[in-house]
Amino acid sequence: MRGHSSEVLYSEYMSHARHIEAQRQVFATVFTAVFGGLIVLAGSASAEATSNYDLVFFFLIVFSIFGFCITSVWNASFVKFTRLAERIAIEEFETPLQYQRFSKHRKLLSAARIFIAFYSLMVGLSSTMLIGDMFKHIHNGMLLGGITLLMLCIYLLWVERRVRTIDRLHRQFAIDLNGRK
């Protein structure tokens, strides 16, 4: 690849990754405001207005699932763009190992996983508020925990596998190019 086109590609990939980060943060801010506002509104509603209670929590379930899904897609895209950018930096700009951000190590806790845990919890919370009264024999904490764990398992099976594959291939590429250090 020629030098100028490498710089352009690197810049574009990093720009896309930063854009994804910004989208994820803005959506989380809007989500939190809407979710919190609707919870307060539903909680302060008079006895006559409780007929809309189920509708509000159904909307929150759908809204939370949407947040979960869109964040999952953004997480996978972020990994793809950052690893491609770093690959260009390694191959074309000969970036030394000490300056390589993504090929050196894996983080146990990342922003991507925190966002997914947040939306999983919100799906569990809104589901518990909607169907918790129907299942009085099940403790609400168990229902909340079960739904949240289900959402986390879905993420692990759906997205995290792809992310780990991209990461593993990228680290192997960096090790092959730079040697194990």
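Above this text sits the structure in question.
Bear in mind the structure is a predicted one, so any value in this text is a computation, not a measurement. (Residues numbered from 1 in each chain as written. Predicted model: local features only at pLDDT ≥ 70, side-chain atom pairs only at ≥ 80, totals over all residues. Heavy atoms only, no water.)

Trainee: Any details on the packing of aromatic side chains? Residues and values, ideally.
Mentor: Between two aromatic rings, the relevant description is the distance of the centres plus the angle of the planes. Evaluated as defined, the whole model comprises 15 aromatic pairs. Ring centres of Tyr10 and Phe93 lie 5.9 Å apart, and the angle between their planes is 85°; this geometry places the pair in the edge-to-face category. Here Phe93 lies in helix H2 (residues 53-93) and Tyr10 lies in helix H1 (residues 3-43), a separation of 83 residues in the sequence. The exposure class assigned to Phe93 is partly exposed, which follows from its relative accessible area of 36%. Among the aromatic residues, those joined into a cluster by ring pairs are Phe27, Phe31, Phe35, Phe59, Phe63, Phe66, Trp74, Phe118 and Tyr119. A cation sits over an aromatic face here: Arg24 above Phe78, 5.9 Å from the ring centre. Here the guanidinium or amino end of Arg87 rests over the ring plane of Phe173, the centre of that ring lying 3.9 Å away. (Phe/Tyr/Trp six-rings, centres within 6.5 Å; stacked < 30°, edge-to-face > 60°. Helix = DSSP H or I, 4+ residues; strand = E, 2+ residues; numbered from the N terminus. Buried < 20%, exposed > 50% of the residue type's maximum accessible area, 1.4 Å probe, protein only. Lys NZ or Arg CZ within 6 Å of the ring centre and 35° of its normal.)

Trainee: Tell me what's going on with helix H3 (residues 111-131), and back it up with residues and numbers.
Mentor: In this model H3 runs 30 Å from its N-terminal to its C-terminal C-alpha over 21 residues, within 8% of the 30 Å that 1.5 Å per residue would give. Within the span of H3, buried status applies to Ala112, Phe115, Ile116, Tyr119, Ser120, Met122, Val123, Gly124, Ser126, Ser127, Thr128 and Leu130. (Expected span 1.5 Å × (residues − 1).)

Trainee: Explain the layout of surface pockets to me, using residue names and the numbers behind them.
Mentor: Picture a little ball the size of a water molecule; that probe, rolled over the atoms, points out where space is still empty. Each pocket or cavity is described by its volume, and for the largest pocket that value is around 500 Å³. Lining the largest pocket we find 23 residues, and of these Phe78, Val79, Arg83, Lys107 and Ser110 sit closest to its centre. Taken together, the elements giving at least two residues each to the lining of the largest pocket come down to H1, H2, H3 and helix H4 (140-178). Among the elements that line the lining of the largest pocket, the one with the most residues is H4, at six residues. Class assignment for the residues of the lining of the largest pocket results in eight nonpolar, four polar and 11 charged. (1 Å grid on protein atoms, 1.4 Å probe; cavity = no way out; pocket = protein on both sides within 12 Å on 5 of 7 lines; lining within 4 Å. Points joined across faces, edges and corners; volume = space filled by probe spheres on them. Nonpolar A, V, L, I, M, F, W, Y, C, P; charged D, E, K, R; others polar.)

Trainee: Could you give an account of the side chain of Asn75, with specific residues and numbers?
Mentor: Along the polypeptide, Asn75 turns up in helix H2. Residue class for Asn75 comes out buried when judged on its relative accessible area of 2%. One polar contact links the side chain of Asn75 to the main-chain carbonyl oxygen of Ala112, over a distance of 3.2 Å. Ignoring sequence-local partners within four residues, the contact set of Asn75 consists of Arg24, Ala112, Ile116 and Tyr155. (Polar contact = N/O pair within 3.5 Å; in protein donor to acceptor, adjacent residues only side chain to side chain. Contact = heavy atoms within 4.5 Å.)

Trainee: Go over unusual backbone geometry with me, naming the residues and quoting the values.
Mentor: Unlike most non-glycine residues, Glu94 shows phi in positive territory, near 50°. For Glu94, the location among the structural elements is in the loop between H2 and H3.

Trainee: Which residues make up the nonpolar core, and what are the values?
Mentor: Counting 30 residues, the largest nonpolar core has Phe27, Phe31, Phe68 and Tyr119 as its most contacted members. Of all the secondary-structure elements, those providing two or more residues to this core are H1, H2, H3 and H4. At 11 residues, H2 tops the list of elements feeding residues into this core. Ignoring sequence-local partners within four residues, the contact set of Phe27 consists of Phe63, Phe66, Gly67, Ile70, Trp74 and Tyr119. (Core = buried A, V, L, I, M, F, W, Y, C linked by side-chain atoms within 4.5 Å.)

Trainee: Let's hear about the packing of H2 against H4: which residues, and what values?
Mentor: When two helices pack together, their arrangement is given by the angle between the helix axes and the distance between those axes. Interaxial distance between H2 and H4 falls to 10 Å at its minimum, and their mutual angle equals 0°. Taken together, H2 and H4 sit at an angle that is classed as roughly parallel. Broken down by class, the residue content of the contact of H2 with H4 amounts to 16 nonpolar, four polar and seven charged. (Axes fitted to C-alpha atoms, helices over the stretch in contact; angles between N-to-C directions. Parallel < 35°, antiparallel > 145°, perpendicular 65-115°, else oblique.)

Trainee: Tell me about a nonpolar patch on the surface, residues and numbers included.
Mentor: Taken together, the side chains of Val26, Val30, Val34 and Phe59 define a hydrophobic patch exposed on the protein surface, amounting to about 320 Å² of accessible area. Of all the elements, H1 adds the most residues to the nonpolar patch, at three residues. Summarising the element assignment, Phe59 is placed in helix H2. Accessibility expressed as a relative area gives 40% for Phe59, which makes it partly exposed. (Patch = residues over 30% accessible without salt bridge, like charges linked within 9 Å, V, L, I, M, F, W, Y side chains within 5 Å. Areas by Shrake-Rupley, 256 points an atom, 1.4 Å probe, with all protein chains shown as cover. Salt bridge = Lys/Arg side-chain N within 4 Å of Asp/Glu carboxyl O.)

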